[in-house]
2 protein chains.
Amino acid sequence: MPLERRPDRKIGIKDVSREAGVALSTVSHVLNGTAPISQEVRVRVLEAARKLGYLAKRQRKGAIASLSTLYLAVPPGNLPHNDINLVSWTLLTALSRECERRGIRIVAHSGAPQLNATEILAGARAAEAEAIAVVFDDNPKLLKGLAGSDIAVVLLNGEDPTMSIDTVAPANRYGARLATEWLLANGHRRILHLTWRGRSTIMRRLDGFHDAYLQRDLSTDLGEVLCAKGYEPEHAREALRAFVAERGGLDGFTAVFCAADNLAIGALTELQALGFRIPADIAVVGFDGVAPGDLTQPSLTTVRVPLDALAAATIQALEQRLSGAGRDQPAARIELGCRLIERESGGSSIVG
Amino acid sequence: MPLERRPDRKIGIKDVSREAGVALSTVSHVLNGTAPISQEVRVRVLEAARKLGYLAKRQRKGAIASLSTLYLAVPPGNLPHNDINLVSWTLLTALSRECERRGIRIVAHSGAPQLNATEILAGARAAEAEAIAVVFDDNPKLLKGLAGSDIAVVLLNGEDPTMSIDTVAPANRYGARLATEWLLANGHRRILHLTWRGRSTIMRRLDGFHDAYLQRDLSTDLGEVLCAKGYEPEHAREALRAFVAERGGLDGFTAVFCAADNLAIGALTELQALGFRIPADIAVVGFDGVAPGDLTQPSLTTVRVPLDALAAATIQALEQRLSGAGRDQPAARIELGCRLIERESGGSSIVG
DNA sequence: CTGAAAGCGCTTACAG
DNA sequence: CTGAAAGCGCTTACAG
């Protein structure tokens, strides 16, 4: 059995003082700013406190009080039978883990198929929850109905244009820009953005696609947008089949950037079925990064959404609202950065 | 002298227990989740703790350790001789106040007119600062240069498309959408968006202008964008003078939504000089909300940016990075909601 | 900045 | 859930 540092083996300032090689009182002074301590010692102490997890523990303690039960409202039909729902499912798993870690009980909402503010609030009250997380839904009526209540509410993975409730989401626009910029940097000029008429968060990926062209002073006409009829792989296949048939080939496009891995999976299948080599003839890049890399042949280059960090940020946002420091504060929208995962389907990078 | 509650008169759980009318031990159990307490009592205790500022104090204590000196890098030329720079100035004032409140020392960067990562990092090290706030600048080279360092960095009021450093900014897109939506709800259909080729954050206001039309399924062609040559009131006057001359009048437009109060001030002056009544002939709405309402005649309806909250969020973002809980976490972009301040120039609202 | 010491505030275990 | 009590961890004041 490996000698892992147990998560909370009562680490105190005594441990920190030993680790930093300073007196107990010095640690206290550094942590509270109660005496002038040289920068050199300060840094050493803080480094030790951070390393031992003492700073994190202390910070956690400040927040832990207010949230004991979280009421979770998810639109029905988010079971993992395709990639999009795999995203949902994985995000919910991350949220559960985070709650477990912090000793927060989760109660799931069950009501009418269409989420409804009154029902959700009633359910949350019945469950004696201090906070509500609404996931994957941005029905304005729903959000407006929730905003007025005394229970803290956060929207996860959605968009509230009225900015009446706090929101946590991946940085869709910047992530899409990142992927497109990477393709442009690797010499691609004609990139096809395969998307669908989804929720507004998906539209932000389209914005980012255009941003990348604009930033290089390239005409956005070089890139084209292809709208599939939905987000299933089959929709991607259909759209690309029609595209290739109509244009009599790839029409000069050398890359497809898909607004979701789910579409990318369909794109890989269809393009290969049509006889194109990936990435030699055409590169394919996805968005989400939830499915394992070896799920596809070739493996999928994609933009990974930081699910664990999203879950943590969700709880943190709620706890801050509940702590009272944040009442009467304007609603916050928190977007977390996404990373490009370079695998095979995007081709190898010529940039540093 | 009013009997104000002094900010930190040693409020402890004893005070909370008295306020909530429960035992000392019960308060402790509620705050730490160490015993099952009825929801009713929990709520009463937390409410008391929040009211007395104990929750906030406890949370503050968790964060306070790591940041003692903040290094502030502002591009030169942000003195308040016009509204845009009044925004800068007021935001910096809010940041100073927030730092003072928390006992954080601010050291201002002074270097070459063009901010430069190497210089800023050297300056921050010399000042023994744990964190750097870059304000109003989104030169990608600068941000990239700062991202790699061991010092915590936050960008205030800017945009980092690479998402390599944390950013705090107003929700420009949603704020602009809010104002435009308000005008549309009040019956305006042809709205002129007066802007200039500014930083990307200003372009987000343009995005929001379009969003409002799209959301109502109105053609974005109903709205038009008029680009002034800069953000001074005089630029607004010039642009509107040319517009009216060219179109032989207001050309059916009934509202001007300006991307900054500074432009709105020029718009009010020019439109009135041309003989139009505000808001009867044409409504004018601004963006920023920093200048006093009675600065203009008529007073300016505008979107107010939450400066104090931005300052607080900036410090909080830095402290979280420094606490170690947030290392290796993806960069966060935090946008705070803006509110519409209804005064005279926008006309009176017919919506609830 | 150290180190021993006093003190304070919070936690915890327990009988009621 | 209360209330008295023991204990623990951190803070604080001070001589060196």
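- Where an unreviewed UniProt entry is consulted, chain A appears under the name LacI family transcriptional regulator, with the organism given as Ciceribacter ferrooxidans.

## Quick word on the side chain of N172(B)
And then number 1: Secondary-structure assignment places N172(B) in helix α8 (residues 172–185).
And then number 2: Take N172(B): its relative accessible area is 2%, and that puts it in the buried class.

## A word on the packing of aromatic side chains
And then number 1: Tallied over the entire structure, the rule returns 8 aromatic pairs over all chains.
And then number 2: Judged by centre distance (5.8 Å) and plane angle (70 degrees), the ring pair of F243(B) and F253(B) falls under edge-to-face. With F243(B) in helix α10 (residues 233–247) and F253(B) in the loop between α10 and β8 (255–258), this residue pair connects regions lying 10 residues apart in the sequence.
And then number 3: Judged by its relative accessible area of 6%, F243(B) is buried.
And then number 4: Of note, R205(A) hangs over the ring of F287(A), and the distance from its end group to the ring centre comes to 3.8 Å.
And then number 5: One residue, R190(B), lies across the ring of F253(B), its end atom 4.3 Å from the ring centre.

## Some words on the pattern of salt bridges
Side-chain pairs of opposite charge can arise whenever the charged atoms involved come near each other.
And then number 1: Inspection of the entire model under this criterion finds 50 salt bridges over all chains.
And then number 2: Of the charged contacts, one joins R190(A) and E224(A) as a salt bridge, the two residues approaching to 3.4 Å between their closest N and O atoms. Placement of the pair is R190(A) in the loop between α8 (172–185) and β6 (191–196) and E224(A) in strand β7 (residues 224–228), with a sequence separation of 34 residues.
And then number 3: For R190(A), a relative accessible area of 24% corresponds to the partly exposed category.
And then number 4: In the salt-bridge network here, residues are joined through shared partners; they are E159(A), R173(A), R204(A), D207(A), D211(A), E159(B), R173(B), R204(B), D207(B) and D211(B).

## Things to note about a positive patch on the surface
And then number 1: Where like charges cluster on the molecular surface, the positive patch consists of K10(A), K61(A), K10(B) and K61(B).
And then number 2: Positionally, K10(B) belongs in the segment before α1 (13–20).
And then number 3: K10(B) sits in the exposed class, given a relative accessible area of 73%.

## Digging into the packing of α10(B) against helix α11 (residues 261–273) of chain B
Residue and element names in this part refer to chain B.
And then number 1: The interhelical angle for the contact between α10 and α11, taken along N-to-C directions, is 45 degrees, at an axis separation of 7 Å. The orientation of α10 relative to α11 falls into the category oblique. Handedness of the α10/α11 crossing: right-handed. Facing α10, whose interface residues are P233, A236, R237, L240 and R241, α11 presents N262, L263, G266, A267, T269, E270, L271 and A273.
And then number 2: For the contact of α10 with α11, a count of residues per class yields 7 nonpolar, 3 polar and 3 charged.

## Digging into the interface of chain B and chain A
And then number 1: Contacts between the two partners involve 50 residues from chain B, matched on the other side by 50 residues from chain A.
And then number 2: In total, chain B and chain A occlude about 4,300 Å² of area from one another, counting both sides; carbon and sulfur atoms represent 52% of this.
And then number 3: If you look at where chain B meets chain A, you find 4 salt bridges.
And then number 4: Close ionic contact of R173(B) with D207(A) constitutes a salt bridge, the shortest N to O distance being 2.9 Å.
And then number 5: Where chain B packs against chain A, one counts 14 residue pairs in polar contact (both at pLDDT 80 or more).

## Considerations on α8(B)
Residues and elements named next belong to chain B.
And then number 1: With 14 residues, α8 ought to run about 20 Å at 1.5 Å a step, and its terminal C-alpha atoms sit 20 Å apart, in line with that.
And then number 2: Of all 14 residues in α8, 11 are buried, a share of seventy percent or more.
And then number 3: Looking at α8, one finds that the buried residues are N172, R173, Y174, G175, A176, R177, A179, T180, W182, L183 and L184.
And then number 4: Two residues or fewer past α8, G187 is found with a positive phi of approximately 100 degrees.

## Description of the domain arrangement of chain A
Residues and elements named next belong to chain A.
And then number 1: Considered domain by domain, chain A is made up of domain 1 (13–63), domain 2 (69–170 + 307–336) and domain 3 (172–305).
And then number 2: The C-alpha centroid of domain 3 is placed 30 Å from the C-alpha centroid of domain 2.
And then number 3: Facing 17 residues of domain 2, the contacting portion of domain 3 comprises 16 residues.
And then number 4: For the pairing of domain 2 and domain 3, the buried interface totals around 1,400 Å² over both sides, and the portion due to carbon and sulfur atoms is 52%.
And then number 5: Counting across the interface, domain 2 meets domain 3 through 1 salt bridge.
And then number 6: Where domain 2 meets domain 3, there are 6 residue pairs in polar contact (both at pLDDT 80 or more).
And then number 7: Take the side of domain 2 that touches domain 3: its biggest share by element is 6 residues, from helix α5 (residues 83–102).

## Structural notes on the pairing of strand β6 (residues 191–196) of chain B
Residues and elements named next belong to chain B.
And then number 1: Most of β6 is tucked away: 6 of the 6 residues are buried.
And then number 2: With 4 bridges connecting them, β6 and β8 associate as parallel partners. Within β8, the position partnered with L192 by the bridge is V256.
And then number 3: Bridge analysis of β6 against strand β7 (residues 224–228) gives 5 bridges, and the strand direction is parallel. Within β7, the residue paired with H193 across the bridge is V225.
And then number 4: Each parallel crossover has a hand, and for β6 linked through helix α9 (residues 200–215) to β7 it is right-handed.

Criteria and cut-off values
Residues numbered from 1 in each chain as written. Chains lettered and ligands numbered in written order. Predicted model: local features only at pLDDT ≥ 70, side-chain atom pairs only at ≥ 80, totals over all residues. Heavy atoms only, no water. Helix = DSSP H or I, 4+ residues; strand = E, 2+ residues; numbered from the N terminus. Buried < 20%, exposed > 50% of the residue type's maximum accessible area, 1.4 Å probe, protein only. Phe/Tyr/Trp six-rings, centres within 6.5 Å; stacked < 30°, edge-to-face > 60°. Lys NZ or Arg CZ within 6 Å of the ring centre and 35° of its normal. Salt bridge = Lys/Arg side-chain N within 4 Å of Asp/Glu carboxyl O. Patch = residues over 30% accessible without salt bridge, like charges linked within 9 Å, V, L, I, M, F, W, Y side chains within 5 Å. Areas by Shrake-Rupley, 256 points an atom, 1.4 Å probe, with all protein chains shown as cover. Lys, Arg positive; Asp, Glu negative; His and termini not counted. Charge placed at Lys NZ, Arg CZ, Asp CG, Glu CD. Axes fitted to C-alpha atoms, helices over the stretch in contact; angles between N-to-C directions. Parallel < 35°, antiparallel > 145°, perpendicular 65-115°, else oblique. Left-handed = near helix turned anticlockwise from the far one by under 90°. Contact = heavy atoms within 4.5 Å. Nonpolar A, V, L, I, M, F, W, Y, C, P; charged D, E, K, R; others polar. Buried area = accessible area lost by both parts, 1.4 Å probe. Polar contact = N/O pair within 3.5 Å; in protein donor to acceptor, adjacent residues only side chain to side chain. Expected span 1.5 Å × (residues − 1). Domains from an automatic or database assignment. Pairing = 2+ DSSP bridges. Right-handed = clockwise from strand over helix to strand, strands pointing away.

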